Amino acid sequence: GSSGPTICGLPLKYVSLITLAVQNAALAIVMHYSRISTPPALAYSPASAVLLNEILKGSISFVIALMNKHEASKMTRQNSGVWDTVRSLPISFWDLWGEIFSPDCWKLSIPAILYVVQNSLQFVAVSNLPVATFQVTYQMKILTTAAFSVALLRRTLSPMKWLSLLFLAFGVGIVQIQSSTSSSPIKDGPVGSAHDFHMHIMNPFKGFCAVTVACLTSGLAGVYFEMVLKGSKADLWVRNVQLSLFSLIPALMPIIYATPSNYSQGGILADLFRNFGLWAWATVGIQVFGGLVTAVVIKYSDNILKGFATSLSIIFSFLASVVLFEFTITPSFIIGASVVLVATWMYNQPPAQESALPGSLPGS
Ligand code: C5P
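Per chain, residue numbering runs from 1 following the sequence as it is written. Local features in this predicted model are restricted to residues of pLDDT 70 or higher, and side-chain atom pairs are both shown and tallied only at a pLDDT of 80 or more, whereas totals for entire chains, interfaces and linings draw on every residue. Computation of side-chain values covers all heavy atoms of the structure but excludes hydrogens and water.

So, on to unusual backbone geometry. Although it is not a glycine, Cys8 adopts a positive phi angle of roughly 50°. A run of DSSP states H or I qualifies as a helix once it reaches four residues; a run of E qualifies as a strand once it reaches two. Both are numbered from the N-terminal end. Secondary-structure assignment places Cys8 in the loop between strand 1 (6-7) and strand 2 (10-11). Each residue is placed in one exposure class: buried if its accessible area under a 1.4 Å probe, protein chains only, is under 20% of its type's maximum, exposed if it is over 50%, and partly exposed if it falls in between. By relative accessible area, Cys8 is classed as exposed at 79%. With a phi close to 50°, Arg154 is a non-glycine residue in the positive phi region. Inspection of the secondary structure assignment puts Arg154 in the loop between helix 6 (141-152) and helix 7 (159-181).

Structure representation (structure tokens):
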């Protein structure tokens, strides 16, 4: 519908966008810290994190899809006793199974591969760049997303929307200037021996390359997922399960490839989760949550608007940097952030032309 579902009276569309902005900021900070807070010898495996992310996200989506299916079948049944519920669960399960392995499920293989590549590259980027630099350059995905939306979804953007995208890129650029000219750009983690040690092996060029490719795959994967989702009646959560299932193949590949044929005494699981500490788990947890929110955003909003939400996350992560890492806010940050906010507002202005007859724009 035009207004869509709500949470506590607020439109889900906006709740999910704000949630995504906060999640993005948290992820950049926690993921970065999880990588730099230990010496490389004690680092966890990003490939395991990517795999775990898909397994958890897929499982949660499966449970939600099953609950939805069960609710739907409840409508058609009159009695809702406990025994009845227990008895009908396998039927819902079987229905869902058929839906997941429907003939068109292969469509999800493309975004699945792209997202696994993106999620893996994100670890490379975050380990090789300061948080602020990573966050800002990662916003390039707004432009790749807009380009793919126009090319693949045949979305036409009004001049106002193009202008606001330009503004957004401009605002992001201003913030970037401030982060790259900051006198102490390495204020992105608490100072400790492990952290200082890791700084020496950061490779910004490698980081920038990873971000650039991640932006391309992000834009394409997001638009492709939106295309699949909006091009059929299949449930969002069923699509998510399909996405995670296809992700398992590319996510397992580096693990199979990298695991030595002779396992240590602990076995393969111990090898996979070696050094998987609290911060690694927190990273995966925030990623899983983000993936689910992203799916909701793509469904109830769209990919371009999602880009604006994540650009707001720059502001959240800078504010967090101020509190956590004694980052100082400069005038150029304020200006850049304000431009981002204005661009977001501009992009969300209702299109005046669409509702009016040609040549008779409403007075507002
Ligand atoms: O920021 P961006 O949109 O590029 O990141 C998308 C993230 O959300 C990826 O980590 C991807 O794995 C995840 N995602 C998901 N389920 C979807 C769509 C995206 O888990 N349906």
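Next, the rest of the story.
Another point: the site of the ligand. Throughout, near means a residue has at least one heavy atom within 4 Å of the molecule or strand. Around the ligand, a shell composed of 13 residues is seen, among which Lys57, Asn119, Lys141, Ser218 and Lys306 lie nearest. Here a polar contact is taken to be a pair of N or O atoms separated by no more than 3.5 Å, where protein atoms must pair a possible hydrogen donor with a possible acceptor and residues adjacent in sequence count only if both atoms sit in side chains. For the ligand, an oxygen atom lies 2.6 Å from a polar atom in the side chain of Asn119. One of the side-chain nitrogen or oxygen atoms of Ser218 is found 2.4 Å away from an oxygen atom of the ligand. Coverage of the ligand by the protein amounts to 92% of the 470 Å² it exposes when considered alone. Elements supplying a minimum of two residues to the shell around the ligand: helix 4 (109-128), helix 9 (204-230), helix 10 (236-258) and helix 12 (278-300). Surface exposure here means Shrake-Rupley accessible area, sampled with a 1.4 Å probe, where a residue is shielded only by the protein chains that are shown.

The next subject is the environment of Ala258. Considering the arrangement of structural elements, one finds Ala258 in helix 10. Sequence separation of Ala258 and Leu17 is 241 residues, and the distance between their C-alpha atoms is 37 Å.

Moving on, we come to the environment of Ala25. One can find Ala25 in helix 1 (residues 12-36). In this structure Ala25 comes out as buried when scored by relative accessible area, which is 5%. Along the primary structure Ala25 and Phe318 are separated by 293 residues, whereas in three dimensions their C-alpha atoms are 8.5 Å apart. Residues are treated as being in contact if the distance between any of their heavy atoms lies within 4.5 Å. Those residues within four positions of Ala25 in sequence are excluded, and the remaining contacts are Gln135, Ser313, Phe316 and Ser317.

Turning our attention to the packing of helix 6 against helix 9. Between N-to-C directions, angles span 0 to 180 degrees; the directions come from axes that are lines fitted to C-alpha atoms, helices contributing only their stretch in contact. Direction vectors running N to C along helix 6 and helix 9 enclose 40°, while the axes themselves pass 8 Å from each other. Comparing their axes, helix 9 and helix 6 come out oblique. Pair helix 6 / helix 9 crosses with right-handed handedness. Touching Lys141, Thr144, Thr145, Phe148, Ser149 and Leu152 of helix 6 are Cys215, Leu216, Ser218, Gly219, Leu220, Val223 and Met227, all from helix 9. Should an angle fall under 35 degrees it is called roughly parallel, over 145 degrees roughly antiparallel, and 65 to 115 degrees roughly perpendicular, with every other angle called oblique. Note on convention: near helix rotated counterclockwise from far helix by under a right angle means a left-handed crossing. Clockwise means right-handed.

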